[in-house]
Amino acid sequence: MLAACSGDSPAAPTPVPTADEARIRRNAAQGQFNAMSPQIADLLKDEPWVSDGSEETVRALQAIVGAQATRPDDPGRAEEAMTMVQAMQRSSWYQDGVDTSEKVVIAEAFKRAVTTQARYTVGGSGEPRNTFLQNYDWPALLSLTLELGLFLSHTSAGGREIALLGTATTGFEEKASEALRIASEHMSRIEALSGEIRFGSVLILVEAEAYSNDRHVCGFAHEELFATHISHDCVTSRTVIHELAHLSTPITFSPWFEEGTAYWVSAEIRGTATGPTWDAFRDENDATFPSNDSPRSIEEYHQHSDAGFILYAELAKILGSPTVSVHVRSVNEASSGTQVLESIIRHTPPDKQTEVRNLIRTLCVDTDRFGVQIPCRLPAESSLNQAPTHRP
Ligand SMILES: [Zn+2]
């Protein structure tokens, strides 16, 4: 059984299916065995959990079918899925009975086997979108997750069950377990500050060392893959919270927003937002990269991050964390930098407008060459939907 780590709100109890519902789902489960490769079906069809008539069982079996479906260009997938099933069956959490949370984990792990291996390409160019994908043996990494029970379940404030899956390159399994513990400890607070994790699962990969442009970095968050990878020497609350914050905030065209909010969330939770200066906050070993990093150089990237972190740390001092949190959670996916600023101004009460506008003017960059720096185009006060200031 799984030691579930939940958020503040308990999960809604799974309603007991009626006899008819259970029969329909048992038929749906049987249908999955017909779609499965016979070798995998042989391993699973007599297991007690597969005939319980639950919705989670059907979803778990569907995910296994999805992971093993053979394609003309990828005949090895059934074998890889079988490796994962066998790893799962060797584990103690599986052998003592499979509960509802564990079925969610099974479904998510097999779905990750598909999404991490999909060859995302850019437009019609055929260029791989995420070249790092090819650097890892994902079925082996996910087999490790299942065999060692490197997972936890988190219930979001909205009542969704999110699977936290951990894995590691050889020798760092303990670190993956530690990263999961840190993640589950802070998950509810991260979601309260920057929004719910938008995916059914988060995959945390701890590897020997992570590199970007030959520089050692602590973490990367890849939103498209619902995964985050962290260097073994950076398994700290600072890095883990930072990377998870990336998975709960929207992807925008503004690294200053993405990095600024991730550093702010991490500092806020650890109680260091009002302490050290930025230089003290970011040291050589704690540089992290945004999910859609567009600055052309590490220096430019640091400038954006600096401005973003200072902006959010100062905003929280002026407006208070709850107001900043409401702003961050209201930002839409793919917002431009200017739209993010408009949202900040909208959430600023009239008596704080001057202070917040002055803060933005201090940090903004007029050139705004790539649309990624904090822009200087502040909305006019008259354009805001505030109460009219003149009498009729
Ligand atoms: Zn980051």
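Residues numbered from 1 in each chain as written. Predicted model: local features only at pLDDT ≥ 70, side-chain atom pairs only at ≥ 80, totals over all residues.

### Points about the overall build of the protein chain
A tally of regular secondary structure across the protein chain gives 15 helices and 8 strands. A buried classification covers 43% of the 392 residues belonging to the protein chain. Partitioning the contacts of the protein chain with sequence separation of at least 6, the portion at a separation of at least 24 is 73%. (Helix = DSSP H or I, 4+ residues; strand = E, 2+ residues; numbered from the N terminus. Buried ≥ 20, exposed ≤ 12 C-beta atoms within 10 Å, placed from the backbone. Contact = placed C-beta atoms within 7 Å.)

### Re the confidence of the model for the protein chain
Per-residue confidence for the protein chain gives a mean pLDDT of 81, with 77% of residues at or over 70. Residue range residues 281-293 is modelled with pLDDT below 50. Its contacts to residues more than four positions away, or to other chains, number 31 contacts. Counted against residues more than four places away or in other chains, residues 386-392, with its pLDDT under 50, gives 1 contact. (pLDDT = per-residue confidence, 0-100.)

### Some words on the environment of Asn27
Relative to the helices and strands, Asn27 is located in helix H1 (residues 19-35). For Asn27 and Ser51, which are 24 residues apart along the polypeptide, the C-alpha to C-alpha distance reads 9.2 Å.

### Notes on helix H7 (residues 138-148)
Taken across its 11 residues, H7 has 9 buried, putting it largely inside the fold. Looking at the packing, one finds that the buried side of H7 touches helix H4 (77-90), helix H6 (100-115), strand E1 (151-155), strand E2 (161-168), helix H8 (173-194) and strand E3 (201-207). Gly149 lies just past H7 and shows a positive phi near 65°.

### Some thoughts on the pairing of E1
Within E1, 5 of the 5 residues are buried, which leaves the element mostly enclosed by the surrounding structure. Pairing of E1 with E2, which is carried by 5 bridges, proceeds in the antiparallel orientation. Bridged to Ser153 within E2 is Ala163. Here E1 folds back onto E2 in antiparallel fashion, the turn holding 5 residues, of which Gly159 has a positive phi close to 90°. (Pairing = 2+ DSSP bridges.)

### A short note on the packing of H4 against H7
H7 packs onto H4 with a crossing angle of 20° between their chain directions and a minimal axis gap of 8 Å. As summarised for this structure, H4 and H7 are arranged roughly parallel, according to the angle between their axes. Here H4 and H7 pass one another in a crossing that is right-handed. In this structure, H4 contributes Glu80, Thr83, Met84, Ala87, Met88 and Arg90 to the contact, and H7 contributes Pro139, Leu142, Ser143, Leu146 and Glu147. The residue makeup of the contact of H4 with H7, split by class, is 6 nonpolar, 2 polar and 3 charged. (Axes fitted to C-alpha atoms, helices over the stretch in contact; angles between N-to-C directions. Parallel < 35°, antiparallel > 145°, perpendicular 65-115°, else oblique. Left-handed = near helix turned anticlockwise from the far one by under 90°. Nonpolar A, V, L, I, M, F, W, Y, C, P; charged D, E, K, R; others polar.)

### So, the packing of H4 against H6
Packed helix pairs are specified by the crossing angle of their axes together with the interaxial distance, meaning the distance between the axes. Contact geometry of H4 with H6 gives a least axis separation of 11 Å together with a crossing angle of 150°. By the criterion of interaxial angle, the relationship of H4 to H6 is roughly antiparallel. Handedness of the H4/H6 crossing: right-handed. Between H4, through Glu80, Ala81, Met84 and Met88, and H6, the contact on the second element is made entirely by Ile106, Phe110 and Ala113. Residues belonging to the contact of H4 with H6 are distributed by class as follows: 6 nonpolar, no polar and 1 charged.

### Regarding the environment of Glu147
Along the polypeptide, Glu147 turns up in helix H7. Residues Glu147 and Trp93, 54 residues apart in the sequence, show an inter-C-alpha distance of 8.7 Å. Leaving out residues up to four positions away in the same chain, Glu147 has contacts with Ala87, Arg90 and Ser91.

### A look at the pairing of strand E7 (residues 227-231)
Judged by how many residues are buried, E7 sits mostly within the fold: 5 of 5 residues are covered. Covered by surrounding structure in E7 are Ala227, His229 and Ser231 together with Thr228 and Ile230, the residues of both alternating faces. Summarising the sheet, strand E6 (residues 219-222) and E7 pair through 4 bridges and their orientation is antiparallel. Following the sheet pairing, His222 is matched in E7 by Ala227.

### With respect to unusual backbone geometry
Even without being glycine, Ala334 reaches a positive phi, approximately 65°. By secondary structure assignment, the location of Ala334 is in the loop between helix H13 (321-330) and helix H14 (337-346). Using a count of 10 C-beta atoms within 10 Å as the deciding quantity, one classes Ala334 as exposed.

### Let's talk about the environment of His327
Structurally, His327 is set in helix H13. For His327 and Ile344, which are 17 residues apart along the polypeptide, the C-alpha to C-alpha distance reads 6.1 Å. Setting aside its immediate chain neighbours within four residues, His327 contacts Ser343, Ile344 and His347.

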